[in-house]
Amino acid sequence: MFWKKKNKPAEAVRVDERLQHIAFIMDGNGRWAQRRGMPREYGHSHGAATFKKIGRYCEKIGLRYMTVYAFSTENWKRPQKEVDTIMKVFDEYIEQCFLEMEEDNVHFQFIGNLSIFSAELQEKMARIDRETAHKPFVLNIAVNYGGREEITHACNELIRAGKTEVTEADISAHIYTAGCPDPDLIVRSGGDLRSSNFLLWQSAYSEYYYTDVLWPDFSAEDVDRAVAAFYSRKRRYGGV
Ligand code: FPP
């Protein structure tokens, strides 16, 4: 009896309509590199590879939306060399998206205050978004993103549109993720227990899952663990 159980192939994880959107705070790249005696930048290159792998896995298990925190409005405070490396990794990623976007099932969206980037990069991001808009799996990449900046930006847009009083629906329609359902689950790697200005408006009723695993080590099994934790919880949305 026991041997039969042992040889049974692992059940493939599939999500259902209760879990459509996972957002990731990809933390721990720097420590991962330092533990290997390498500069922090080395961790970001590995973090980017992990991000691609986890993206493919999230699509495979049936998620409809994924959001990642690639660079925050506060990350500019890091040493210039580290900022340059993250931007180089990001640039290379955009270039790859641009070349391969037709083959993927992914609708790439770039969220955050993108006005800081060169006109050329902004145009490239807009074109990738436009030309992949018909694809079924939505991937939001948050870059120069801050939750407070996002809400402030939404309010300023509403003021510019002539509003003198706003509703929750107005703000939801003007945040960077407008049109995308709020994340059901927010996963943070790297062991810290905080939201770090990520999706402040959208996370009102998100479930959180924290793990000590450093982002470059984050695996499909870690996604499965987060998914299992999500399904073990009861979402009450303030009710009983
Ligand atoms: C946090 O780890 C990670 C970042 C600030 C950058 C995340 C960037 C990537 C994963 C690569 C680029 C992304 C894309 C979309 C191509 P940390 O540096 O704060 O790590 P630490 O907490 O160990 O210092």
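Below is a short write-up of the structure. (Residues numbered from 1 in each chain as written. Predicted model: local features only at pLDDT ≥ 70, side-chain atom pairs only at ≥ 80, totals over all residues. Heavy atoms only, no water.)

1. A closer look at the nonpolar core
With 44 residues, the main nonpolar core has Phe-24, Phe-51, Met-66, Phe-108, Phe-110 and Ile-141 as its most contacted residues. Sort the elements by how many residues they give to this core and helix H4 (residues 80-100) lands first, with seven residues. In contact with Phe-110, other than residues within four places in its own chain, are Phe-90, Ile-94, Met-125, Ile-128 and Ile-141. Ala-23, Tyr-145, Tyr-176 and Leu-199 belong to the second-largest nonpolar core, a separate cluster that totals 10 residues. (Core = buried A, V, L, I, M, F, W, Y, C linked by side-chain atoms within 4.5 Å. Buried < 20%, exposed > 50% of the residue type's maximum accessible area, 1.4 Å probe, protein only. Helix = DSSP H or I, 4+ residues; strand = E, 2+ residues; numbered from the N terminus. Contact = heavy atoms within 4.5 Å.)

2. Re the environment of Leu-114
Along the chain, Leu-114 turns up in the loop between strand E3 (106-111) and helix H5 (119-131). Between the C-alpha atoms of Leu-114 and Leu-185, which are 71 residues apart in sequence, the distance is 25 Å. Contact partners of Leu-114, with chain neighbours within four places excluded, come to Gln-122, Met-125 and Val-143.

3. Some thoughts on the packing of helix H3 (residues 40-60) against H4
Two numbers describe how H3 lies on H4: the axes approach to 9 Å, and their chain directions differ by 25 degrees. Here H3 lies roughly parallel to H4, going by the angle between them. When the axes of H3 and H4 are compared, the crossing they make is right-handed. Between H3 and H4, the contacting residues are Arg-40, Glu-41, His-44, Ser-45, Ala-48, Phe-51 and Lys-52 on the first element and Lys-81, Glu-82, Thr-85, Ile-86, Val-89, Tyr-93 and Gln-96 on the second. (Axes fitted to C-alpha atoms, helices over the stretch in contact; angles between N-to-C directions. Parallel < 35°, antiparallel > 145°, perpendicular 65-115°, else oblique. Left-handed = near helix turned anticlockwise from the far one by under 90°.)

4. Considering unusual backbone geometry
Of note, the phi angle at Asn-144 is positive, near 45 degrees, even though the residue is not glycine. Looking at the element boundaries, Asn-144 is found in strand E4 (residues 137-145). A positive phi angle, close to 50 degrees, is found at Ser-196, a residue other than glycine. Summarising the element assignment, Ser-196 is placed in the loop between strand E5 (185-188) and strand E6 (207-210). Given the relative accessible area of 30%, Ser-196 is considered partly exposed.

5. Things to note about the packing of aromatic side chains
In this structure the tally under the stated criterion is 16 aromatic pairs. Between Tyr-205 and Tyr-237, the ring centres sit 5.6 Å apart and the planes meet at 50 degrees, which makes this aromatic pair tilted. Residue Tyr-205 is found in the loop between E5 and E6, and its partner Tyr-237 is found in the segment after helix H8 (220-231); the two are separated by 32 residues along the sequence. Judged by its relative accessible area of 47%, Tyr-205 falls in the partly exposed class. Here the aromatic rings of Phe-230 and Tyr-231 are separated by 5.3 Å at their centres, their planes lie at 85 degrees, and the arrangement is edge-to-face. Residue classification places Tyr-231 among the partly exposed positions, given a relative accessible area of 26%. In this structure, Lys-124 packs its charged tip against the face of Phe-98, placed 5.2 Å from the ring centre. (Phe/Tyr/Trp six-rings, centres within 6.5 Å; stacked < 30°, edge-to-face > 60°. Lys NZ or Arg CZ within 6 Å of the ring centre and 35° of its normal.)

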